[in-house]
Amino acid sequence: QVQLVESGGGLVQAGDSLRLACAASGLTFGKTAMGWFRQASGPEREFVAAISKDSDTIYYADSVKGRFTVSRDDANNTVFLQMNSLKPEDTAVYSCAAFKSSDYDRSRSYNYWGRGTQVTVSS
């Protein structure tokens, strides 16, 4: 019954901002680290950001450092991704995932995934 549902994607121009949300259910959310990945094309998923269960550890891909911010609201079982200064190369389907073990930046470390939300950034 674990379910992760992303929202907040859309079509924006370069330089604009979007705030993605991932609502979780069926998890002990407050004890689960969460991550964001994106898939622009093909089968590869690219790590974007991750946040530990108590927000004391946060990781970002080099490509988004200084522009994206990950946060969580345990009272509402939601993880957010604030995306500023968006670039066309940020265009992708963004998915959230629940961490299980090992490395935060590897897809294999997550055992539950949302279906994703489309982010399109025009030039």
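The structure under discussion appears in the preceding block.
Residues numbered from 1 in each chain as written. Predicted model: local features only at pLDDT ≥ 70, side-chain atom pairs only at ≥ 80, totals over all residues. Heavy atoms only, no water.

A. Layout of the side chain of Arg72. The topology assignment puts Arg72 in strand β7 (residues 68–73). Here Phe29 takes part through its backbone oxygen, which lies 2.7 Å from a polar atom of the side chain of Arg72. Within the local environment of Arg72, its side chain forms a polar contact with the side chain of Asp74, the two groups lying 2.8 Å apart. The contacts of Arg72, once residues within four sequence positions are left out, are Phe29, Gly30, Thr32, Ala33, Met34, Ile51, Ser52, Lys53, Ser55, Thr78 and Val79. (Helix = DSSP H or I, 4+ residues; strand = E, 2+ residues; numbered from the N terminus. Polar contact = N/O pair within 3.5 Å; in protein donor to acceptor, adjacent residues only side chain to side chain. Contact = heavy atoms within 4.5 Å.)

B. Up close: the pairing of β7. Along β7, the buried face is formed by Phe68, Val70 and Arg72; none of Thr69, Ser71 and Asp73, which line the opposite face, is buried. As paired elements, β7 and strand β8 (residues 78–83) share 6 bridges and run antiparallel to each other. Bridging from a neighbouring strand, Val70 pairs with Leu81 of β8. In sequence, β7 turns back onto β8 through a hairpin of 4 residues, with Asn77 there showing a positive phi of about 50 degrees. (Buried < 20%, exposed > 50% of the residue type's maximum accessible area, 1.4 Å probe, protein only. Pairing = 2+ DSSP bridges.)

C. Quick look at the packing of aromatic side chains. If you walk through the whole model with that rule in mind, you get 7 aromatic pairs. Judged by centre distance (5.1 Å) and plane angle (55 degrees), the ring pair of Phe37 and Trp113 falls under tilted. Of this pair, Phe37 sits in strand β4 (residues 34–39) while Trp113 sits in strand β10 (residues 110–113), placing them 76 residues apart in sequence. For Trp113, a relative accessible area of 30% gives the class partly exposed. Consider the rings of Phe99 and Tyr104, whose centres lie 4.4 Å apart with planes at 15 degrees: the pair is stacked. For Phe99, a relative accessible area of 17% puts it in the buried group. Within the aromatic cluster, the residues linked to one another by ring pairs are Phe37, Phe47, Tyr59, Phe99, Tyr104, Tyr110 and Trp113. We note Arg45 situated over the ring of Trp113; from NZ or CZ to the ring centre the distance is 5.4 Å. Positioned above the aromatic ring of Phe29, the side-chain terminus of Arg72 is 4.5 Å from the ring centre. (Phe/Tyr/Trp six-rings, centres within 6.5 Å; stacked < 30°, edge-to-face > 60°. Lys NZ or Arg CZ within 6 Å of the ring centre and 35° of its normal.)

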